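Each chain, letter by letter, is given below.
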2 protein chains.
Amino acid sequence: MNDSYLNFVNSPFGARVARSLGLPKPEVLRRYRADEPEFGGLVAIGAGREPHLLDSLADLVASIGVTSVAHESAGLWMPLAHRHGLLTGRFEPAESGSAARVGALIFDASGIDDSTQMEPLHAFFHDTLRSLGKCGRIVVLGRPPEACASPRQWTAQRALEGLTRSLGKEARRGITANLVYVGEGAEHEMEATLRFFLSPRSAYVSGQVVRIAADGLHGVVNRVAVTDAGGNAASPFDWNQPLANRRAVVTGAARGIGASIASVLAAQGAHVIGIDIPSARDALEATMRQLNGTALAFDIAAPEAPAQIAAALDDHGVDIVVHNAGITKDKTIAKMTGGAWQSVIDINLCAQERIDDALLAAGILRDGGRIVGVSSISGIAGNPGQTNYATSKAGVIGRVQSMAPLLRPRGITINAVAPGFIETQMTAKMPLTLREAGRRMNSLGQGGLPVDVAQTIAWLAHPGSAGISGQVVRVCGQSLIGA
Amino acid sequence: MNDSYLNFVNSPFGARVARSLGLPKPEVLRRYRADEPEFGGLVAIGAGREPHLLDSLADLVASIGVTSVAHESAGLWMPLAHRHGLLTGRFEPAESGSAARVGALIFDASGIDDSTQMEPLHAFFHDTLRSLGKCGRIVVLGRPPEACASPRQWTAQRALEGLTRSLGKEARRGITANLVYVGEGAEHEMEATLRFFLSPRSAYVSGQVVRIAADGLHGVVNRVAVTDAGGNAASPFDWNQPLANRRAVVTGAARGIGASIASVLAAQGAHVIGIDIPSARDALEATMRQLNGTALAFDIAAPEAPAQIAAALDDHGVDIVVHNAGITKDKTIAKMTGGAWQSVIDINLCAQERIDDALLAAGILRDGGRIVGVSSISGIAGNPGQTNYATSKAGVIGRVQSMAPLLRPRGITINAVAPGFIETQMTAKMPLTLREAGRRMNSLGQGGLPVDVAQTIAWLAHPGSAGISGQVVRVCGQSLIGA
C-alpha cells in the first residue's frame with residue numbers, strides 16, 4: 001500500500017538523488033479532493049477541419065468555469081467563445097518556467113474525414129504539449145469509426161487511437177491522454193465524460209478509448225429527475241451530488257477496492273447497499289455504518305444468493321449494481337485443481353450473471369440503471385498462473401458486450417472497468433521485483449489506488465453517462481501490458 | 001539480425017551456464033522448411049459439451065496426416081475418428097522424458113454456451129499441457145461471441161480469450177496458443193487457418209484471436225479453380241502451391257521484410273510484382289530476378305504512382321496486394337517537424353488508400369482477391385517518439401476494418417498484420433538495452449524473423465482464407481505490449 005520509491009524520489013533529497021543518478025521520477029498524481037477546485041489552469045483548444053463539437057465544448061468550458069485559449073488550428077473558437085460569453089485568448093507557447101499554466105489540451109478531430117487532413121493534430125500537440133503542466137489532461141475528440149460514412153473517414157478517425165496512445169506514453173509528468181468518440185446526436189451528452197477525463201478523478205486512467213452514443217433515453221433519465229421548488233423539471237442531476245436519490249449495490253464492499261467504491265458512490269449521494277461474505281460481516285458493517293449504508297452479509301456464490309439479494313432489495317429497488325467481488329487462486333494450469341478453477345469462474349463470473357438475471361427479471365434494477373463489472377488487465381492480456389482468473393475476467397467483458405444491446409431499451413447501461421496494478425493489501429504481499437515491475441510498467445510509473453477504480457466506476461454510474469454502454473475502461477495508468 | 005543471447009543459451013556450454021545461473025532460455029523456434037515434414041507428433045483432442053467442429057477436425061487430421069489421441073473430455077472423437085478411418089487412441093499423460101510426443105493440443109469449445117460449462121477446458125489443459133513438446137501448438141476453437149444467440153453463450157465464448165492468452169504466456173518452450181472463432185456455416189472453411197496455426201509457419205504468432213466467417217463465395221473462388229485433366233472441377237487449389245496462378249504485388253519489396261514476403265509468396269506459387277523506390281532499383285531487381293518476379297521501381301508516395309501501378313498491372317490484373325512499404329521518422333512530437341509527421345502518414349497510410357482505390361476502381365484487383373496491410377504493435381499500443389508512425393499504423397487498422405464489408409460482395413478480403421519486434425537491419429541498429437527489452441518482452445523470449453511476417457501474410461493471402469476479413473493479426477510472439 002506504500003510506494004516507497006515514489007515517496008523517496010518526490011522528497012527534496014530523493015529528487016536530487018534521482019536527478020544525479022538519472023533515475024525515473026514518477027509524479028505524485030493529483031487526486032480529487034472535495035476541498036480543492038476540481039478544474040484549474042487554462043484549457044487549450046485545437047481542431048481539425050470543420051469540427052463538429054466546438055459548440056458543446058464551449059458549453060463545457062462555461063459549465064466547469066475555466067479559461068480557454070485557442071490554438072491557431074481552432075480558428076472558430078474565438079468568435080464562438082465570445083458568443084458564449086467565455087473568457088478566452090490565443091494560445092501562446094509558455095516561456096520557460098511558466099509551463100504549468102495550461103491544465104488541459106482538447107483537440108476536436110471530429111471533422112477530419114480523410115487521412116490527408118491530419119496535419120492540424122501535429123501542429124496542435126507540437127505547439128502545446130510542452131506548455132501542459134504536471135498531471136495535465138489530453139483529450140482527443142472524434143467520431144466513432146464504425147459509424148463513419150466512408151472508409152476514408154473511418155480510417156482517419158481510427159488513426160486517432162495511435163496518436164492518443166502515443167501521446168499518453170510520451171507526455172509523462174502525471175499527464176493522461178484519452179480519446180472520446182462522440183456519436184452523431186450525442187454532441188450534448190459528453191459533459192459527464194469530459195468532466196471525468198479533465199478532473200483529477202481520472203488520475204490513473206490513460207490511453208483509453210471511450211464511445212458515447214446518443215442514448216435517446218432522456219425520458220427515462222428525466223423520470224427520476226429532480227424537480228425544483230415550483231415543481232418544474234430542473235436539471236436531472238446536480239453535478240456535485242449526481243447520485244443523489246440513487247441506490248447502489250456493491251459486492252465485496254467490506255474492504256479494499258470494494259469499500260472505496262462504496263465510499264465514492266456515497267460521497268456522490270448514493271445510498272449504498274454493501275454485500276460481502278458472512279465472515280467479513282464486522283468489517284462490512286463498520287464500512288457501511290460510516291457511509292450510512294446498508295450491510296448485507298451474503299455469500300454471492302451460494303445458490304440461494306440471487307433470490308436473497310433480490311428479496312432484500314425488493315422494497316426500494318436499486319439503480320446501480322457494481323460487481324466488485326472476486327477471488328484469485330493462482331497456479332499454473334498443470335498444477336491447478338478443478339476446485340480452484342471452478343470456484344474462481346463461479347465467483348468472478350457466474351455469480352454476476354445469476355445476480356443480474358435475478359435483479360433484471362424482477363424489475364428490481366430500475367430503468368435508467370447502471371451495471372458495472374470489474375474485469376482486469378489479466379482478462380484482456382492473459383496472465384501466466386491465472387488461467388482461471390483471466391478466463392473469468394474475459395468473461396466479464398463478454399457479459400458487458402452481450403448485455404448492452406439488450407438493456408438499451410430500458411435505458412440501463414452495462415460496462416466494465418479493468419484495473420491494472422492497484423496498490424492493495426494483495427499487491428503489498430507480492431514479491432518485491434514483481435511488485436516493482438507492475439508498478440513501473442505503465443505511463444505514469446506507479447500503481448493506482450483503489451479510489452482510482454472507484455472514481456471510474458462512479459463516472460460510469462453517473463446519470464450523465466447514459467450514452468456509454470458495452471465498454472471496457474482500463475484503470476491502469478496506461479500499462480504497457482495488453483493484447 | 002543476430003540474437004547472440006538466444007544462440008548462446010542454446011549452445012551446449014551456454015545451456016549449462018544458463019541453467020546454473022537460472023537465466024531464461026528461450027527456445028530456438030522451429031520454422032517451416034520445404035525439406036522437413038510440416039506436421040508431426042500426436043494431436044491431442046479435447047472438447048466441451050456438444051462440440052460442433054469435431055467433424056471438420058477429423059477431416060483436417062486426415063488431410064494433414066497425423067495421429068490423434070482423444071482426451072476424456074472428447075468422448076465423441078473415438079467413434080468419429082474411426083468412421084473417418086483415422087489412426088487414433090486415448091490420451092495418456094506422458095511419462096517423464098516422453099513429453100515431446102504430443103505436437104498439438106486442439107480443444108473444440110464451440111458447444112460451450114454458458115460460463116458454468118467451462119470445466120472441461122481446465123481438465124484438458126491440466127492433463128495435457130505438460131505432454132506438449134517444444135514448439136508445440138495450442139489451438140482453441142470457439143464460436144464468434146458477437147454472433148451467439150444468448151448473452152450467456154457470448155460471455156462463455158468471449159471468456160476463451162482470457163484462457164488462450166494465459167496459456168500462451170504460461171506454456172513457454174516455443175509453444176504458441178491461438179484462438180479461432182469459427183462462424184456458423186464456416187465449419188468446413190477452417191482448414192487453411194488450422195494448417196497455419198499447427199504449422200511451423202506460425203512460429204512467431206501467439207496469443208491471437210482470429211474469426212472465420214462463412215464466405216458464401218465458393219463460386220468466386222471456384223472461378224479460378226484448377227480443373228483436372230478431364231475438365232472436372234478439382235480442388236480449387238493445391239495445398240503445396242496454393243498461390244499458383246496468382247499474381248501478387250508487394251510494396252517495399254527490395255529487401256528486409258518486403259523481400260521475405262515476396263519470397264514466401266513466390267515459393268507458394270505466386271508471380272510477384274515487387275515495387276520499391278527508384279533508389280532501391282538494383283536491390284529490387286536482384287530480388288525479383290531470384291523469384292522470377294517483376295520489378296517496378298516507383299515511389300508509391302508520388303501523386304502519379306497509383307495510375308502508374310494500375311497501368312503496369314492492367315494487362316494481367318492482380319490477385320494479391322501487400323502494402324508493406326513504410327518508413328519511420330521518430331521524434332517526440334514537441335521536436336517533430338511537420339514534414340516528418342506528414343511524410344510518415346502519407347507513405348504508410350495515404351499511399352495504401354490511393355493505390356487500392358486505383359486498383360479497385362479499374363477492376364485490376366480481381367474478384368476473390370486479397371489485400372494485406374502491414375500495421376504494427378505501435379499502431380495498437382502507441383509508442384513514445386512515434387506519434388506519426390503509430391497514427392499511420394492505427395489508420396491501417398481502420399482501413400482494413402472499414403473496407404472489409406465493402407469488398408465482401410466481390411470476394412476480396414482485406415486484413416492487416418501487426419509485427420512486434422522483428423529482427424531486421426533496423427532493429428540491429430537499436431541501442432542494446434532497448435533491443436534486448438524488445439526481444440525478451442514476449443512469450444517466446446525472442447524477436448521474430450521477417451519470414452514470420454511473410455508466412456502470416458501468405459496465410460491471409462491463401463485461397464482458403466476467404467472467410468477471414470477485416471482482421472488484425474499480430475506477429476509478435478505474444479508481446480506483453482498492447483492496449
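Residues numbered from 1 in each chain as written. Chains lettered and ligands numbered in written order. Predicted model: local features only at pLDDT ≥ 70, side-chain atom pairs only at ≥ 80, totals over all residues. Heavy atoms only, no water.

Residues and elements named next belong to chain B. In space, the seven strands of this open sheet follow the order β10-β9-β8-β11-β12-β13-β14, with parallel pairing throughout. This sheet does not close on itself; its edge strands, each paired only once, are β10 (294-297) and β14 (472-475). Taken over all neighbouring pairs, the strand axes of this sheet differ in orientation by 20° on average, direction set aside. Pairing of strand β8 (residues 247-251) with strand β11 (residues 318-323), which is carried by three bridges, proceeds in the parallel orientation. Each bridged residue has a counterpart across the sheet, and for Val249 the counterpart in β11 is Val321. Set on the sheet, helix α9 (residues 256-267) makes contact with β8, β9 (271-276) and β11; between it and β8 the angle comes to about 170°. Packed onto the sheet, helix α10 (residues 281-290) meets β9 and β10 and runs at close to 165° relative to β10. (Pairing = 2+ DSSP bridges. Helix = DSSP H or I, 4+ residues; strand = E, 2+ residues; numbered from the N terminus. Axes fitted to C-alpha atoms, helices over the stretch in contact; angles between N-to-C directions. Contact = heavy atoms within 4.5 Å.)

Within the UniProt annotation, "domain: Ketoreductase" (unreviewed entry) is assigned to residues 246-420 of chain A. Here residues 246-420 of chain A is 46% helix and 22% strand, with 28 Å between the C-alpha atoms at its ends. (UniProt positions renumbered as here; feature names shortened; annotations may be inferred.)

A few words now on the packing of helix α6 (residues 151-171) of chain A against helix α14 (residues 387-407) of chain B. Two quantities define a packed helix pair, namely the angle between the axes and the distance from one axis to the other. Contact pair α6 of chain A / α14 of chain B: the axes reach a minimum separation of 6 Å and the direction vectors enclose 150°. Taken together, the axes of α6 of chain A and α14 of chain B are roughly antiparallel relative to one another. Read as a crossing pair, α6 of chain A and α14 of chain B show a hand that is right-handed. Contacts from Pro151, Trp154, Thr155, Arg158, Ala159, Gly162, Leu163, Ser166, Leu167 and Glu170 of chain A of α6 of chain A reach α14 of chain B at Thr387, Ala390, Thr391, Ala394, Gly395, Ile397, Gly398, Arg399, Gln401, Ser402, Met403 and Leu406 of chain B. (Parallel < 35°, antiparallel > 145°, perpendicular 65-115°, else oblique. Left-handed = near helix turned anticlockwise from the far one by under 90°.)

It is worth spelling out the relation of the copies chain B and chain A at this point. Taken as rigid bodies, chain B and chain A are interconverted by a rotation of 180° and an axial shift of 0.0 Å, the fit giving an RMSD of 0.0 Å. Here the transformation between the copies is reduced to the relation of a two-fold axis. Closest approach to the rotation axis within chain B is made by the C-alpha atom of Gly482 of chain B, at a distance of 1.8 Å. Comparing interface residues between copies, 100% of those in chain B also lie at the interface in chain A; the contact surface is shared. (Least-squares fit on C-alpha atoms with pLDDT ≥ 70 in both.)

To continue, consider the nonpolar core. Considering soluble globular proteins, one finds that nonpolar side chains tend to be buried as a cluster. Formed by 72 residues in total, the largest nonpolar core has its most connected members in Leu57, Trp77, Leu141 and Leu265 of chain B. If one sorts the elements of this core by residue count, helix α17 (residues 450-461) of chain B sits on top with seven residues. In this structure, Ala58, Leu194, Val272 and Met288 of chain A belong to the second largest nonpolar core, which totals 71 residues. (Core = buried A, V, L, I, M, F, W, Y, C linked by side-chain atoms within 4.5 Å. Buried < 20%, exposed > 50% of the residue type's maximum accessible area, 1.4 Å probe, protein only.)

Structurally, the α-helix is built with 3.6 residues per turn, so residues lying three or four positions apart point the same way. All names here are of chain A. Taken residue by residue, helix α3 (residues 54-64) has Leu54, Ser56, Leu57, Ala58, Leu60, Val61 and Ile64 as its buried positions. Turning to α3, the residues buried within the fold contact β1 (42-47), β2 (68-70), α4 (77-83), β4 (102-108), β5 (132-142) and α7 (191-198). Just beyond α3, the residue with positive phi is Gly65, at close to 70°.

All names here are of chain A. On average, residues of chain A score 93 in pLDDT, and 94% of them reach the 70 mark or higher. This model gives residues 218-234 a pLDDT under 50, and the stretch forms 19 contacts once residues within four places in sequence are excluded. The ipTM, which scores confidence in the relative placement of chains, is 0.95 for this predicted complex, and the corresponding pTM is 0.95. (pLDDT = per-residue confidence, 0-100.)

Remark: a regular strand shows side chains that alternate across the two faces of the sheet. Residue and element names in this part refer to chain A. Taken across its five residues, strand β8 (residues 247-251) has five buried, putting it largely inside the fold. Residue alternation in β8 divides its side chains into two sets, Arg247, Val249 and Thr251 and Ala248 and Val250, and both sets are buried. In this sheet, strand β9 (residues 271-276) lies alongside β8 in parallel orientation, the contact comprising five bridges. Looking at β9, one finds that Val250 is bridged to Gly274. Once the chain exits β8 it traverses helix α9 (residues 256-267) before rejoining the sheet at β9, and the crossover so formed is right-handed. (Right-handed = clockwise from strand over helix to strand, strands pointing away.)

Residue and element names in this part refer to chain A. Inspection of the sheet shows strand β6 (residues 176-182) paired to strand β7 (residues 209-212) by four bridges, in the parallel sense. Within the sheet, the bridge partner assigned to Val180 lies in β7 and is Val210. Running through α7, the crossover from β6 to the neighbouring parallel element β7 is left-handed.

With that settled, the discussion passes to α9 of chain B. All names here are of chain B. Taking 1.5 Å per residue as the helical rise, α9 with its twelve residues ought to reach 16 Å, and the 17 Å between its terminal C-alpha atoms agrees with that figure. Among the twelve residues that make up α9, nine are buried, leaving the element largely enclosed by the rest of the structure. Here the buried face of α9 lies against β8, β9, α10, β11 and α17. (Expected span 1.5 Å × (residues − 1).)

Attention now moves to the environment of Ile327 of chain A. All names here are of chain A. Within the element layout of this structure, Ile327 appears in the loop between β11 (318-323) and α12 (338-361). Spatially, the C-alpha atoms of Ile327 and Ile347 are 7.1 Å apart, while their sequence positions differ by 20 residues. Those residues in contact with Ile327 that sit more than four places away from it in its chain are Ser343, Val344, Ile347, Asn348 and Tyr389.

Right, let's talk about the side chain of Ser465 of chain A for a bit. All names here are of chain A. By the element assignment, Ser465 lies in the loop between α17 (450-461) and β14 (472-475). Separated by 2.5 Å, the side chain of Ser465 and the backbone oxygen of Trp459 make a polar contact. If sequence neighbours within four positions are ignored, Ser465 has contacts with Ala192, Arg370, Thr413, Trp459 and Leu460. (Polar contact = N/O pair within 3.5 Å; in protein donor to acceptor, adjacent residues only side chain to side chain.)

What follows is about the side chain of His122 of chain B. Counting through the fold element by element, His122 of chain B comes out in helix α5 (residues 119-128). Of note is the side chain of His122 of chain B, whose polar atom sits 3.5 Å from the backbone oxygen of Thr337 of chain A. Apart from the residues within four sequence positions on either side, His122 of chain B is in contact with Ile333, Met336, Thr337, Gly338 and Trp341 of chain A.

Time to look at the interface of chain B and chain A. Contacts between the two partners involve 67 residues from chain B, matched on the other side by 67 residues from chain A. Across the interface of chain B and chain A, roughly 5500 Å² is buried in total on both sides, 61% from carbon and sulfur atoms. Its largest share of buried area at the contact with chain A, chain B owes to His122, Glu170 and Ile333 of chain B, together 11% of the area lost on that side. Joining chain B to chain A, the criterion identifies four salt bridges. A salt bridge links Glu353 of chain B to Arg152 of chain A; its shortest N-O distance comes to 3.6 Å. Listing elements by their share of the side of chain B that touches chain A, those giving two or more residues are α5, α6 (151-171), α12 (338-361), α13 (377-381) and α14 of chain B. (Buried area = accessible area lost by both parts, 1.4 Å probe. Salt bridge = Lys/Arg side-chain N within 4 Å of Asp/Glu carboxyl O.)

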